[in-house]
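Summary of structural features
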Amino acid sequence: MRCRPALVILENNHVLVMKYQYGTNFIYNLPGGNTDPGESFPETVARECLEELGIDVEVGPLMLMGEIQATDKRPTSLHILFSGEILGGIPVLQPNETTAMEVLWLPVSQLSDVHMYPNVGVELQDLIFTQSQGRYVGTIDQPWID
C-alpha cells in the first residue's frame, strides 16, 4: 500500500490547494506527496511543501485518513491528512518539482464542488466547520482518477 501524507492549510476560510490537469479534468490536490525511505509523515509533508511550494510549514494533528482502492493503473493508497500552517514563505509553484498548473486558496465552501484527490471535500468541510480531528473515513470513492 502506498501512503500519501498531505497538509490542510486553512487561512481565512480558504484551503491551500494545487491545481492539476488530468485529461479533460482539473484536479485539486492538497500539498504533500510520497514518503522517502526512513521519513515520517510530518517530515514528508514538510519536505514536499518546501520543494514544491517554497514554504516552511508546521505539521499539526491528524485530521483525516482514508484509502483509495487499487485499480489496474494504481496501487491501493492510504491518504493521511494533517492540519498545519505556514511558518515562512509565500506559496509559489516550483516548476522543476511539480506538474501542478497553479497554487491557489480555495474557499472552504467550494471543497465539495471541485474534483479533489483524494476526494474528501465534503469530509474536510465537515471537519473544518465542526473543528473536529482524527477521523478515519474508510474507502474514498475516486471516480475521476483511473
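Residues numbered from 1 in each chain as written. Predicted model: local features only at pLDDT ≥ 70, side-chain atom pairs only at ≥ 80, totals over all residues. Heavy atoms only, no water.

Next up on the list: the pairing of strand β2 (residues 14-22). As paired elements, strand β1 (residues 2-11) and β2 share two bridges and run antiparallel to each other. Residue Glu-11 lies in a different strand from β2, and its bridge partner there is His-14. Linking β1 back to β2 in an antiparallel pair, the connection comprises two residues, with Asn-12 at a positive phi of about 50 degrees. Between the end of β2 and the start of strand β3 (residues 25-29), which pair antiparallel, lie two residues, with Gly-23 showing a positive phi angle near 65 degrees. (Pairing = 2+ DSSP bridges. Helix = DSSP H or I, 4+ residues; strand = E, 2+ residues; numbered from the N terminus.)

Moving on: the pattern of salt bridges. When the charged atoms of two side chains with opposite charge come close together, those side chains can pair. For the structure on display, the rule yields five salt bridges. Where Lys-19 meets Glu-102, a salt bridge forms, and the shortest distance between an N and an O atom there is 3.9 Å. Here Lys-19 is found in strand β2, whereas its partner Glu-102 is found in strand β6 (residues 102-107), with 83 residues between them in sequence. Among the residues examined, Glu-102 registers a relative accessible area of 35% and is labelled partly exposed. With a closest N to O distance of 3.2 Å, Glu-51 and Arg-47 form a salt bridge. With Glu-51 and Arg-47 both in helix α1 (residues 41-53) and four residues apart, this pair spans about one turn of that helix. Judged by its relative accessible area of 30%, Glu-51 is partly exposed. Classification of Arg-47 by relative accessible area gives buried; the value is 18%. Through salt bridges with shared partners, one network takes in Asp-36, Glu-39, Arg-47, Glu-48 and Glu-51. (Salt bridge = Lys/Arg side-chain N within 4 Å of Asp/Glu carboxyl O. Buried < 20%, exposed > 50% of the residue type's maximum accessible area, 1.4 Å probe, protein only.)

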